[in-house]
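# Summary of the model geometry
Residue strings, one per chain:
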Amino acid sequence: MNEITENRIEKHIVIDVNPYRSRVVLLENGRAAEIYSEQQNRVSLVGNIFRGRVRSILPGMAAAFIDIGEEKNAFFSISDLIRDQEANGEEPAKNAAPLTVGQELMVQTIKDAYGTKGARVSTQISISGHLLVLFPTEKMIGISRNIIDEEERERLRSIIANGRSEELGVIIRTAAEGRSEEDILAEFNSLAAKWHDISKAYRGAVAPKLIHSEYSLVERAMRDLFRPDVSKVTVNDRECYELLRTIADEIEPGSAGRVALMENEPALFEVLGIEKQIDEALSRKVWLKSGAYIVIDPTEALVSIDVNSGKNIGRSNLQQTALATNCEAAKEIARQLRLRDIGGIIIIDFIDLESKEDRAAVVRTLREAMKSDRTTAVVHGMTSLGLVEVTRKKLRENLHASLQIDCPCCNFSGRVLSPESAALKIRSQVFSRILHDGRMRFEINACPAVIHLLKRHLKEECARFGTSAEDFLFKENGSDDPEKFEIRCLNN
C-alpha cells in the first residue's frame, strides 16, 4: 500500500443496505470519520414538509404544539414565525396573537423526535441540493464559509444574483466552488420547480398532511458527502448501486465509475474492517496512542468528556506532559463528536494547566480539529478549572441512539446492584418471612456471585434465626446480573 501523505486524505464512502437498516460510513485514510444509520421502519423526518395544524399554544414559553400526523405533536417556537414576518417586511401586530388554535401552516421538521420529546418544526423552509440550498421564504444570498477565495465568492454570488429567475433565498454550498454557471443555474431552477410543486401540494392538502419527503439516507449521503476528493463509493445492493451511479453522474458527470458493487455481501462492514470501528465508537472509553484516554458520558442535559493521563507518564515535566496529552485528546474529541454525531452541550474536562498560553493552545487545537466537521459547532474558551464548553447542532439521533437501546436489566441507569446488595435484599425477604411465619423451606435462584455470598454466611444466619441450612435450596440461574433473582417458598 502506498503511504498516504499527511496533507492528503483518502476518502471512501461505504454503504450497507439490508432489510433491517441502511448504514453509511465515510472513511478518511481508512478510519471511520462519519457514521450514519437509519432503521427501515424508523426513517428520519428531518427535512420533511407538512401542512400542520396548531393544537395548543404555550404563551409562557412562546411556543406551540403542531399536529403533523405523527404519534407526538411537534414543538414549534413562535419566534420563528415572527422572524419570518419581519423577513418578509411584515410588522407583527403588537396585541394580536401570532398563532391561534386550529390554524394551519406549512412547517418543516428540523429535529427528529428524541426520547420523550416530539419532533421540532420551523416555518423557515429549506430545500437542499448538491450545490445549493434554497430558502424560498427568504431573499438573501449566502455562501459557504469554506469557500475562502474572494474572487470565487464574488463569481458565485453574481451567478445567482443575475441568473435566478425568482428572488428566492439561496445558500451556495462548498460543492459549488469551481462549478460552471450552467450547472449552478440548472440546480437553482430544479429546486425552484420543486418549491412550486410543494406550494401547490400545500394548497390542496388538509392538515395534518405530509406534502414533501426528504431524500432517503443513501441519497442524502451522496448529496452531502460525494465530492471530487472521494475516490470510491462501495455498496452491497444492486438496486442501490444503480441509483448511486445515476446520482454520481448528476453531481459530477462521468463519475459513475467511482461507484463499486460488492453484490449481496452481508458482512460488507466486517470485510472492510468497519464493524470493529463502529463497536469502538459505541464504547465509553477511548484510548489514545500516548496511553492516555478519554471517557464520554451522555446525560439528559449534556455530554461530559473527561481527559485522563492514564498510562502516559511523559518524558518531560508535568505541565508539558499535560499539554501534550490535552492536545492529543482535543484532536480525538473532535473526531469522536463527528463520528458519534454528538449534539447539544458538551463539557470537556481537560487535565489542569497552570499557564494561560497552554490553555489557549488546547482550545486552538480543538477548534482547528473541528474545522472538518460539517455540522455547526462552537468551541468556547477554557476556564481556570480546565473546562471547555462546546455546542454542536443536534438534528437527528446520534450513533448510540440509532444503534442501541436503554438497558432493561439496569432500569436504564447504566448500573446494577452489587452482589452484596442483592444478597442483602434476599436475606431481608427470607428471614423477615421466617420471623413472621415460622420455620419454612426456600428455593433461591440467583447468579453465582450472589449464591456464593449467601452460602458463606448461611451457618451463622441460621443460628441467629432458628432455622437450618437444609431449609435452603440454592440454584444458579446462569446470569451475571445480581438483580436477577427469584425466591420461592417450598412449603406451599
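Please refer to the structure higher up on the page.
This section reports on the structure supplied with the text. (Residues numbered from 1 in each chain as written. Predicted model: local features only at pLDDT ≥ 70, side-chain atom pairs only at ≥ 80, totals over all residues. Heavy atoms only, no water.)

### Considering the packing of helix H4 (residues 217–225) against helix H5 (residues 238–251)
Geometrically, a packed helix pair is captured by the angle between its two axes and the distance between the axes. Test applied: Under this scheme, a helix contributes an axis fitted over its contacting stretch, all axes are lines through C-alpha atoms, and angles between N-to-C directions fall in the 0 to 180 degree range. Note on conventions: DSSP H or I runs of at least 4 residues are helices, E runs of at least 2 residues are strands, and numbering of each starts at the N terminus. Each angle is binned into one of four classes, with values under 35 degrees roughly parallel, values over 145 roughly antiparallel, values of 65 to 115 roughly perpendicular, and all other values oblique. Note on convention: the crossing is left-handed when the near helix lies turned anticlockwise from the far helix by less than a right angle, right-handed when the turn is clockwise. Contacts between residues were defined by any pair of non-hydrogen atoms, one from each residue, lying within 4.5 Å. Throughout this entry, Asp, Glu, Lys and Arg are counted as charged residues, while Ala, Val, Leu, Ile, Met, Phe, Trp, Tyr, Cys and Pro are counted as nonpolar. The remaining residues, Gly among them, count as polar.
At a minimum axis distance of 10 Å, the contact between H4 and H5 shows a crossing angle of 30°. Here H5 runs roughly parallel to H4, going by the angle between their axes. Where H4 crosses over H5, the two elements pack in a sense that is right-handed. On the side of H4, the interface is formed by Val218, Glu219, Met222 and Arg223, while H5 contributes Cys240, Leu243, Leu244, Ile247, Ala248 and Ile251. The residue makeup of the contact of H4 with H5, split by class, is 8 nonpolar, no polar and 2 charged.

### A closer look at the environment of lysine 331
Put simply, the rule is: For every residue, the accessible area obtained with a 1.4 Å probe (protein chains only) is divided by the maximum for its type, and the residue is called buried under 20%, exposed over 50%, and partly exposed between those limits.
Relative to the helices and strands, lysine 331 is located in helix H8 (residues 318–340). A relative accessible area of 54% means that lysine 331 is categorised as exposed. Residues lysine 331 and glutamate 368, 37 residues apart in the sequence, show an inter-C-alpha distance of 8.4 Å. Apart from the residues within four sequence positions on either side, lysine 331 is in contact with Thr365 and Ala369.

### Considerations on the sheet that holds strand S11 (residues 141–143)
Note on sheets: strands pair through backbone hydrogen bonds, and any given pair is parallel or antiparallel. The condition that has to hold: Paired strands are those between which DSSP finds at least two bridges.
Strand order in the open sheet made by the 4 strands is S9-S10-S12-S11, with mixed pairing throughout. Looking along the sheet, the strands with just one partner apiece sit at the ends: strand S9 (127–128) and S11. Where S9 and strand S10 (residues 132–135) come together, 2 bridges link them in antiparallel fashion. Residue serine 128 lies in a different strand from S10, and its bridge partner there is valine 133. Packing against the sheet, helix H2 (residues 150–163) makes contact with S10, S11 and strand S12 (169–172), and its axis sits at approximately 150° to S11.

Such coordinate-based values are descriptive only and should not be taken to indicate function.
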